[in-house]
Amino acid sequence: MRDNYLFHGVKGMRDVFPEESWKIRQLEEKARALFACYGFGEIRTPLVEHTILFERGVGQGTDIVNKEMFYVPAKEQDGEDDKRNRQMVLRPEATASVVRAYVEHEIAKVSPGCQRYYYIGSMFRYERPQRGRYRQFAQIGIEVLGATQPSMDAEVILLLHDLLAQYGLTSLTFQLNAVGCLICRPPYIRKLQEFARTLQTKLCPDCQIRIEKNPLRLFDCKQPECRKLISQAPVLPDFLCSDCRSHQKAVFQVLEKNNIRFEVEPRLMRGLDYYTRTVFEVISKDLGAQNAVAAGGRYDNLVADLDGPQTPAIGWSLGVERLMELLLDTVWEPTGLDALVVAPGPEFETTFVHVTDMRRQGLRIGMEHEARSVKALLKRADRLHARFALFVSAADPEKLEVKNMQSGEQVALTWDQLKTHISTFSQQKCIGAAKQ
Ligand code: ATP
Ligand code: MG
């Protein structure tokens, strides 16, 4: 490794090479296909937003806003005071951005009714990098705006369940809780404060501030002593108003009817302020300390808080890096080359023309420009997940030996015959291939 910092990536950010990226693409494509089945359309919002969006959306007392913001000083602000340099951030999450876009473009007016959006993209949080925790990470997520019914909570949880099941993850734990609304939460918060004040000096300095500033965040503290003390605190589900109680009951009923197994976790609060009623997390015992792979909940007041019309909403987000970690032992469907060809001698020129022709027909053909031994070619074809290895005859470049990499079977063919031969085996074509 060279000393110069220019040759190091930024701390907490990863490079992804083709050996890994094709797997991530498969995950994304599976998600896109399932989202389409559930009637979701993709929303793409910018990576940079005004800081105030998250201060007001995610909440002033949250870790994301207090500790994890990735500020983007704009160039013309260089040398100006710190406050101006903190006006923009790389997005730490997408919900606030989606709501901002929904309000800004007056979607409620332009296109009344429930909106179903999904997104796939990078988020940025200035956290201490460790296993499962990066400063740039990707999320696959959904947001449904304009639906108040408990059956919608159940539907989005079901969608998350089915997506994870498509990835082969069927034994994850779904934890659910109800965090109340503007009617039942304030009296609960007062009870929680009363309880926490009795512990004041026994709690860590951060928690002592939380008691007055944002008491619900007391449940987020990772200090073992605080966790022990807070485990005795009153819990929100005991304080729900009758509307929240019947909402929760209805969500559970629909999930049970659809055979979705879940646990009720009365201390699950989630680290963001905007949640109301249903919240949930999907956790795995195989992820170490960072055990949540996905999380979400209802946020019935966020649109109004960001100056939009009162619009109930719900969403979730799935961490791609943690998902990849859960899939380490997965056998992936190879989506490599249809064929890898070697033509090291004078046959190269003619071969090149045939290869171009096949690529234009949408076939995936790798071509080696340097001489290779048969053994080296086969090894490389294997590594690139090629279905066939092609050896062009030096004496007659129209003739080929075609080896099926799976069965080991070898046949002699012409280029014309090769196209039909490959097509009968290969199911996938390059996206955007020229029409024949
Ligand atoms: P955690 O408790 O792990 O900090 P969180 O509550 O901050 O998670 P959310 O904001 O709900 O996480 O994001 C949803 C998902 O995004 C998480 O369940 C996780 O899989 C992923 N995620 C969040 N922060 C990071 C990070 N810094 N690096 C990698 N993945 C992350
Ligand atoms: Mg976090």
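This structure is a prediction, so every number in the text was calculated from the model and none was measured.

### Some thoughts on the overall build of the protein chain
Stage number 1. Helix and strand counts for the protein chain stand at 16 helices and 16 strands.
Stage number 2. In terms of principal-axis extent, the alpha carbons of the protein chain reach across some 90 × 55 × 45 Å.
Stage number 3. For the protein chain, the residues scored as buried account for 49% of the 436 residues in total.
Stage number 4. Counting contacts in the protein chain only where the partners sit at least 6 residues apart, residues at least 24 apart contribute 68% of the total.
Stage number 5. When the accessible surface of the protein chain is totalled, it reaches about 22,800 Å², and 51% of it is carbon and sulfur.

### A word on the site of ligand 1
Stage number 1. Neighbouring ligand 1 are 15 residues, the closest being R125, E127, Y134, R270 and R322.
Stage number 2. Between an oxygen atom of ligand 1 and a side-chain N or O atom of R322, the distance comes to 2.9 Å.
Stage number 3. Alone, ligand 1 offers 590 Å² of accessible surface; in the complex the protein occludes 89% of this.
Stage number 4. Those elements giving two or more residues to the shell around ligand 1 turn out to be β6 (136–145), β10 (292–298) and β11 (313–319).
Stage number 5. With four residues, β10 is the single largest residue contributor to the shell around ligand 1.
Stage number 6. Split into classes, the residues belonging to the shell around ligand 1 amount to six nonpolar, four polar and five charged.

### Some thoughts on the pattern of salt bridges
Stage number 1. Within the structure shown, the criterion is met by 26 salt bridges.
Stage number 2. A salt bridge links E42 to R44; its shortest N-O distance comes to 3.2 Å.
Stage number 3. Judged by relative accessible area, R44 falls into the exposed class, the value being 69%.
Stage number 4. Taken together, the shared-partner salt bridges connect D63, K67, D206 and R210 into one network.

### Some details on the domain arrangement of the protein chain
Stage number 1. When the domains of the protein chain are assigned, the result is domain 1 (5–184 + 240–326) and domain 2 (339–435).
Stage number 2. Placing the centre of domain 1 and that of domain 2 at their C-alpha centroids yields a distance of 44 Å.

### Let's talk about the confidence of the model for the protein chain
Stage number 1. With 93% of its residues at a pLDDT of at least 70, the protein chain reaches an overall mean of 90.
Stage number 2. Segment residues 428–436: pLDDT under 50, and 15 contacts once partners within four positions in sequence are set aside and those in other chains are kept.

### What to know about the side chain of K419
Stage number 1. If you trace the backbone, K419 turns up in helix α16 (residues 415–425).
Stage number 2. In this view, K419 contacts D357, M358 and Q361; residues no more than four positions away in its chain are not counted.

### Here we look at the sheet that holds strand β3 (residues 70–71)
Stage number 1. Pairing in this open sheet of three strands is antiparallel, and the strands run β2-β4-β3 from one edge to the other. Looking at strand neighbours, the two that pair on one side only are β2 (48–50) and β3, the edges of this open sheet.
Stage number 2. Where β3 meets strand β4 (residues 88–90), two bridges bridge the pair, whose relative direction is antiparallel. Counterpart to Y71 in the pairing with β4 is V89.

### With respect to the packing of aromatic side chains
Stage number 1. Per the counting criterion, the structure on display carries ten aromatic pairs.
Stage number 2. Their ring planes at 35 degrees and their centres at 4.7 Å tell us that F35 and Y118 sit as a pair that is tilted. Of this pair, F35 sits in helix α1 (residues 18–37) while Y118 is found in strand β5 (residues 115–124), placing the two residues 83 residues apart along the sequence. Here the two residues F35 and Y118 agree in accessibility, since each one is buried.
Stage number 3. An aromatic cluster is defined as three or more aromatic residues linked by ring pairs; in this entry it consists of F35, F40, Y118 and W316.
Stage number 4. Sitting over the ring of Y134, R14 keeps its end group 5.6 Å from the ring centre.
Stage number 5. The ring of Y126 has R135 lying over it, and the distance from NZ or CZ to the ring centre is 3.9 Å.

### Focus: helix α14 (residues 348–360)
Residues three or four positions apart in an α-helix share a direction because the helix packs 3.6 residues into each turn.
Stage number 1. Helix length check: α14 (13 residues) gives 18 Å between terminal C-alpha atoms against 18 Å at 1.5 Å per residue, within 8%.
Stage number 2. Buried residues of α14: T351, H354, V355 and M358, and no others. Looking straight down α14, one finds that the buried residues subtend no more than 105 degrees of arc, so they occupy a single side. Across from the buried face of α14, at angles greater than 90 degrees, the exposed residues are E349, V353 and R360.
Stage number 3. Positive backbone phi, at 95 degrees, marks G362, one or two positions downstream of α14.

Rules used in this analysis
Residues numbered from 1 in each chain as written. Chains lettered and ligands numbered in written order. Predicted model: local features only at pLDDT ≥ 70, side-chain atom pairs only at ≥ 80, totals over all residues. Heavy atoms only, no water. Helix = DSSP H or I, 4+ residues; strand = E, 2+ residues; numbered from the N terminus. Buried < 20%, exposed > 50% of the residue type's maximum accessible area, 1.4 Å probe, protein only. Contact = heavy atoms within 4.5 Å. Areas by Shrake-Rupley, 256 points an atom, 1.4 Å probe, with all protein chains shown as cover. Near = heavy atom within 4 Å. Polar contact = N/O pair within 3.5 Å; in protein donor to acceptor, adjacent residues only side chain to side chain. Nonpolar A, V, L, I, M, F, W, Y, C, P; charged D, E, K, R; others polar. Salt bridge = Lys/Arg side-chain N within 4 Å of Asp/Glu carboxyl O. Domains from an automatic or database assignment. pLDDT = per-residue confidence, 0-100. Pairing = 2+ DSSP bridges. Phe/Tyr/Trp six-rings, centres within 6.5 Å; stacked < 30°, edge-to-face > 60°. Lys NZ or Arg CZ within 6 Å of the ring centre and 35° of its normal. Expected span 1.5 Å × (residues − 1). Arc of directions from axis to C-beta.

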